[in-house]
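# Notes for the structure review
So you can see what is in the structure, the chains are spelled out below.
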Amino acid sequence: MTVPQYDPTDRRPIRSRQSWWAQSATRLLVRLNASPNGISIAGMIAAICAGVALYFTGRLDGVPQRACWFAAGLLCQVRLLCNLLDGMVAVARNIASRKGELYNEVPDRISDSVVFIGLGYAAGSHVALGFLAALVSVLIAYVRVLARSIGAPNDFCGPLAKQQRMALVTALAAYLTFASESWRLAWGEATIVLSLVVLGGVATALRRLRRAATYLSLGGTP
């Protein structure tokens, strides 16, 4: 199997990379000699803590439960922030490498799995759906990495790529932090979000497969 030439710019397109705050944070981290791999691990730790917070929403009530929802939403965004900055710091320090890809990909898969499994145990949810959402999230990434390994472009298309999945969890957490009890749905908002992740995730994996197959068979843009 041919290993594609390493290109540190072949990354997920994120518009906020060009924002003043992301550039400022990158310069600060470079001055502090921060490790991109360490930032990746920090993002994984934030996601693990988010999963734990989600788990405890199903075991607490009232203010403690709302605090767990708030913490989970915030930590999901910290995870995404770390995912943004690790690559930017690696490029800025000119130390981007294939080894760094391992620190980028493996913690991401752990992060997705822990968040959705935690959400499966969350208040108003179903455990099986959480495990299924985690499996689908890993499948989406697997399709992308497999396609890239055999010559297709690194495809980050949606409709439910990583940012969109975390946005759904964050929006759910924000809603359940502040919404009145009278606004809660009987069948559970978490169940709805997990169902969207599963259905949208399957659609995303299939779309990436189709685009990769088109590219490999025709030699053009998928």
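Here's a quick rundown of the structure. (Residues numbered from 1 in each chain as written. Predicted model: local features only at pLDDT ≥ 70, side-chain atom pairs only at ≥ 80, totals over all residues. Heavy atoms only, no water.)

The next thing to look at is the environment of Gly200. Along the chain, the position of Gly200 falls in helix H7 (residues 189-218). In this structure, the C-alpha to C-alpha distance between Gly200 and Val91, residues 109 residues apart in sequence, is 32 Å. Those residues within four positions of Gly200 in sequence are excluded, and the remaining contacts are Pro159 and Leu160. (Helix = DSSP H or I, 4+ residues; strand = E, 2+ residues; numbered from the N terminus. Contact = heavy atoms within 4.5 Å.)

The final tally for this structure, using the stated rule, is 10 salt bridges. Of the charged contacts, one joins Glu181 and Arg66 as a salt bridge, the two residues approaching to 3.8 Å between their closest N and O atoms. Of this pair, Glu181 sits in the loop between helix H6 (162-178) and H7 while Arg66 is found in helix H3 (residues 62-92), placing the two residues 115 residues apart along the sequence. Looking at Glu181, the relative accessible area reads 49%, which means it is partly exposed. (Salt bridge = Lys/Arg side-chain N within 4 Å of Asp/Glu carboxyl O. Buried < 20%, exposed > 50% of the residue type's maximum accessible area, 1.4 Å probe, protein only.)

Glancing now at the nonpolar core. Soluble, globular proteins show a tendency: their nonpolar side chains are buried together. Counting 30 residues, the largest nonpolar core has Leu54, Trp69, Val115, Phe116, Leu119, Val169 and Leu172 as its most contacted members. At the level of secondary structure, the elements contributing two or more residues to this core comprise helix H2 (36-57), H3, helix H4 (98-120), helix H5 (127-149), H6 and H7. Beyond its immediate sequence surroundings of up to four residues, Leu172 is in contact with Trp69, Leu119, Glu189, Ala190 and Val193. Formed by eight residues, the second largest nonpolar core is a distinct cluster that contains Ala34, Leu84, Leu85 and Met88. (Core = buried A, V, L, I, M, F, W, Y, C linked by side-chain atoms within 4.5 Å.)

Interpretation in functional terms is not warranted from these geometric data alone.
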